[in-house]
Amino acid sequence: MKPYVSSDCVEVIFQNIADESKIIEELYVVEVVVKSWTNDILFSTSKGEVYIKTEGGKKKLDAYGIQEELRGRLNGF
């Protein structure tokens, strides 16, 4: 089973290769950029605890942290 990857999260870039001062035709380095899409997700548990997804995993938010997160998002619009 292959994991699903949204095309919105992936960018494929073809970089030209140069030999001294000229570009080599039909030879490329492929750069695949996978954009993070989960770092802004808030989720809650059945115990009512609220977390935010981070690069290193997750961070538990208290009431003040939730307010600050929502305030920052609303100010971004």
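Residues numbered from 1 in each chain as written. Predicted model: local features only at pLDDT ≥ 70, side-chain atom pairs only at ≥ 80, totals over all residues. Heavy atoms only, no water.

Moving on, we come to the overall build of the protein chain. Regarding its fold elements, the protein chain presents 1 helix and 5 strands. When the elements of the protein chain are put in sequence order from the N terminus, they spell out β-β-β-β-β-α. Buried residues in the protein chain amount to 9% of all 77 residues. For the protein chain, restricting intrachain contacts to residue pairs at least 6 apart in sequence, the fraction spanning at least 24 positions comes to 16%. (Helix = DSSP H or I, 4+ residues; strand = E, 2+ residues; numbered from the N terminus. Buried < 20%, exposed > 50% of the residue type's maximum accessible area, 1.4 Å probe, protein only. Contact = heavy atoms within 4.5 Å.)

In terms of strand pairing, strand E3 (residues 42-44) meets strand E4 (residues 50-54) through 3 bridges, oriented antiparallel. Bridge pairing links Phe43 to Tyr51 in E4. A loop of 5 residues connects E3 with E4, the two strands running antiparallel in sequence, and Gly48 in this loop sits at a positive phi of about 85 degrees. Pairing of E4 with strand E5 (residues 57-61) involves 5 bridges; the strand directions are antiparallel. Bridge pairing links Ile52 to Lys59 in E5. (Pairing = 2+ DSSP bridges.)

This part is about the pairing of strand E2 (residues 22-34). With 10 bridges connecting them, strand E1 (residues 10-19) and E2 associate as antiparallel partners. Looking at the pairing, Asp19 lines up with Lys22 of E2.

Quick look at the packing of aromatic side chains now. Using the criterion set out here, one finds 2 aromatic pairs in the structure. When the ring of Phe14 is compared with that of Tyr28, the centres are 6.0 Å apart and the planes differ by 80 degrees; the resulting orientation is edge-to-face. Of this pair, Phe14 sits in strand E1 while Tyr28 sits in strand E2; the two residues are 14 residues apart in sequence, bridging distant segments of the chain. A relative accessible area of 53% means that Phe14 is categorised as exposed. The exposure class assigned to Tyr28 is partly exposed, which follows from its relative accessible area of 44%. Across the ring face of Tyr51, the terminal group of Lys58 is positioned such that the distance to the ring centre comes to 5.1 Å. (Phe/Tyr/Trp six-rings, centres within 6.5 Å; stacked < 30°, edge-to-face > 60°. Lys NZ or Arg CZ within 6 Å of the ring centre and 35° of its normal.)

What follows concerns a nonpolar patch on the surface. Residues Val12, Phe14, Tyr28, Val30, Val32 and Val34 make up a contiguous nonpolar surface patch of roughly 600 Å² in combined accessible area. Looking at the nonpolar patch, the elements that each hand over two or more residues are E1 and E2. Per-element tally for the nonpolar patch: the top contributor is E2, with 4 residues. Summarising the element assignment, Val12 is placed in strand E1. Classification of Val12 as partly exposed rests on a relative accessible area of 47%. (Patch = residues over 30% accessible without salt bridge, like charges linked within 9 Å, V, L, I, M, F, W, Y side chains within 5 Å. Areas by Shrake-Rupley, 256 points an atom, 1.4 Å probe, with all protein chains shown as cover. Salt bridge = Lys/Arg side-chain N within 4 Å of Asp/Glu carboxyl O.)

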